[in-house]
Amino acid sequence: MKLVSTGYADLDKLLYGGIASNCAVVLTSPSCNERDLLAKSFLEIGAENGEVTFFVTIDPSAGKPFAEEFRSNFYLFVCNPEADTIIKDSPNVYKMKGVENLTDISIALTSAIRKLDPSLKAHRRICVGLISDVLLQHHAVETRRWLTALLTKLKSEDFTTLAIVDPEMHPSEDLHAILGLFEGEISIYKKETEKGSGKYLKIQKMTTQKYLEDEVPLKKEQL
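Just so it is clear, the model here is predicted, and its values are computed rather than measured. (Residues numbered from 1 in each chain as written. Predicted model: local features only at pLDDT ≥ 70, side-chain atom pairs only at ≥ 80, totals over all residues. Heavy atoms only, no water.)

1. Here we look at the pairing of strand E10 (residues 196–206)
The criterion, for reference: The pairing criterion for strands is at least two bridges between them, as found by DSSP. Put simply, DSSP marks the helices as runs of H or I at least four residues long and the strands as runs of E at least two long, and each gets a number from the N terminus on.
Bridge count between strand E9 (residues 184–193) and E10: 10 bridges; the pairing is antiparallel. If you follow Ser187 over to E10, its bridge partner there is Lys202. Counting the residues that bridge the hairpin from E9 to E10 gives two residues.

2. Considerations on the nonpolar core
Across soluble globular proteins, nonpolar side chains have a tendency to be buried as a group. What counts here: Note on terminology: a nonpolar core comprises buried Ala, Val, Leu, Ile, Met, Phe, Trp, Tyr and Cys residues joined through side-chain atoms within 4.5 Å. Categorising residues by exposure relies on relative accessible area from a 1.4 Å probe, with only protein chains included: less than 20% of the type maximum marks a residue as buried, more than 50% marks it as exposed, and the intermediate range marks it as partly exposed. The contact definition used throughout considers only heavy atoms, calling two residues in contact when any of these lie within 4.5 Å.
In this structure, Phe54, Val56, Phe77, Trp146, Leu147 and Phe182 are the most contacted members of the largest nonpolar core, which totals 39 residues. The residues contacting Phe77, other than those within four sequence positions of it, are Phe54, Phe55, Val56, Thr57, Tyr94, Met96, Ala108, Leu109 and Ala112. Ala39, Phe70, Ile186 and Val216 belong to the second-largest nonpolar core, a separate cluster that totals 35 residues.

3. Topic: the side chain of Thr143
We apply this condition: Counted as a polar contact is a pair of N or O atoms within 3.5 Å, where, for protein atoms, one must be capable of donating a hydrogen and the other of accepting one, and residues adjacent in sequence contribute only when both atoms are in side chains.
In this fold, Thr143 is placed in helix H6 (residues 131–156). Among the polar contacts listed, one links the side chain of Thr143 to the backbone oxygen of His139, at a separation of 2.7 Å. Setting aside residues no more than four positions away along its own chain, Thr143 makes contact with Val134, Leu135, His138 and Ile178.

4. Some words on the pattern of salt bridges
Convention followed: Here a salt bridge means any side-chain nitrogen of Lys or Arg lying within 4 Å of a carboxyl oxygen belonging to Asp or Glu.
In the structure shown here, the tally under the stated rule is 10 salt bridges. We note a salt bridge from Glu157 to Lys153, for which the minimum N-O separation is 3.3 Å. Looking at Glu157, the relative accessible area reads 21%, which means it is partly exposed. With a shortest N-O distance of 3.2 Å, Glu183 and Lys155 are connected by a salt bridge. Taken together, the positions of Glu183 in the loop between helix H7 (172–179) and E9 and Lys155 in helix H6 put the pair 28 residues apart, joining distant regions of the chain. Given the relative accessible area of 33%, Lys155 is considered partly exposed. A cluster of three or more residues bridged by salt bridges with shared partners is formed by Asp84, Asp89 and Lys95.

Encoded structure:
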């Protein structure tokens, strides 16, 4: 089994080396620095290793430096009405007005995949950072339909997927309708201990590989 490093050593240890290649995993986490840093680590190690790396987001700040430095293998998909003002045009940057039209996002991803250099044989990875925005806009049925098609397409193109969902933003039934589409789930959550409150990382499920069930305390400086 080929493994794809997440860029975060403690998480890779829990996964015995990384996420199984061509697997779709969801990271459930409230908005926090640790979540953003973990996503950035996932993107950074892919870009630096020469892997085809996609980032689909509303806020391109984490991906902008990589899009500028790694133009041959890092692709940024910005779904924001102000995309033209926050990032320059580039062959590896795709801009959409928001998440209202899911077909536009799918078309942009398909277009980028078709243009990939066939000589880039390393792992392919994608971070989808706008699932919560899509779920708020389109609700569970339409989001599930879109995600099912998207994940099927990405798997057929050998992408390892890390999607991000904020569980505090959605009713439980909507959330579980989405989580069931993923082969793995990783959670970041706050926990009170004798030493005070802190954030922890734990793998909730992983159907395609073995993993450790330990919870790991998160420190921003380690990410």
